[in-house]
Amino acid sequence: MPSLLAIFFNRKHLGKIFLANVPAGLSWIAWVALLVWAVTGKISGKLAKKYESQQASVS
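What you see is a predicted model; the values in this text were computed from it and never measured.

(A) Examining the overall build of the chain more closely. A count of helical and extended segments in the chain gives 4 helices and 0 strands. Ordered by position in the sequence, the α and β elements of the chain form the string α-α-α-α. Here the chain holds 59 residues, and 20% of them are scored as buried. At a minimum sequence separation of 6, the contacts of the chain that also span at least 24 residues come to 55%. Approximately 4,600 Å² of the chain is accessible, and the part contributed by carbon and sulfur atoms is 71%.

So, in structure tokens, the structure goes:
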């Protein structure tokens, strides 16, 4: 689930979230932490540039 959320939200640390998801499946606390990380992490790539340009035009 955290990996799918990281893909959906286009997160920069997708690979790290995916790798940490495997052993974290054994621990609910770590799994919940990964869910939070997947949803709140930095946006990567083209989407980040688009978001930054929109913010600059609003200001």
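(B) Structural context of the environment of leucine 14. Along the chain, leucine 14 turns up in helix H2 (residues 14-24). A C-alpha to C-alpha distance of 6.8 Å links leucine 14 and serine 3, two positions 11 residues apart in sequence. Apart from residues no more than four positions distant in its own chain, leucine 14 is found in contact with Ser3, Ala6 and Ile7.

(C) How the structure looks around helix H3 (residues 28-40). Taking 1.5 Å per residue, 13 residues should reach 18 Å; H3 reaches 18 Å between its end C-alpha atoms and fits that length. Within the sequence span of H3, burial applies to Leu34, Leu35 and Ala38. In an axial view of H3, the angular spread of the buried residues amounts to 105 degrees, which keeps them on one side of the axis. In this structure, H3 carries Ile29 and Thr40 as exposed residues pointing more than 90 degrees from its buried face.

(D) Spatial organisation of the environment of leucine 19. Mapped onto the secondary structure, leucine 19 falls in helix H2. Among the residues examined, leucine 19 registers a relative accessible area of 62% and is labelled exposed.

(E) Representation of the packing of aromatic side chains in the model. Counting across every chain of the model gives 1 aromatic pair. Judged by centre distance (5.1 Å) and plane angle (80 degrees), the rings of phenylalanine 8 and phenylalanine 9 are edge-to-face. Classification of phenylalanine 8 by relative accessible area gives exposed; the value is 66%.

(F) Fine view of the confidence of the model for the chain. For the chain, the average pLDDT comes to 76, and 75% of its residues sit at 70 or higher. Mean pLDDT values over the elements of the chain span from 68, in helix H4 (residues 45-58), up to 82, in H3.

What counts as what
Residues numbered from 1 in each chain as written. Predicted model: local features only at pLDDT ≥ 70, side-chain atom pairs only at ≥ 80, totals over all residues. Heavy atoms only, no water. Helix = DSSP H or I, 4+ residues; strand = E, 2+ residues; numbered from the N terminus. Buried < 20%, exposed > 50% of the residue type's maximum accessible area, 1.4 Å probe, protein only. Contact = heavy atoms within 4.5 Å. Areas by Shrake-Rupley, 256 points an atom, 1.4 Å probe, with all protein chains shown as cover. Expected span 1.5 Å × (residues − 1). Arc of directions from axis to C-beta. Phe/Tyr/Trp six-rings, centres within 6.5 Å; stacked < 30°, edge-to-face > 60°. pLDDT = per-residue confidence, 0-100.

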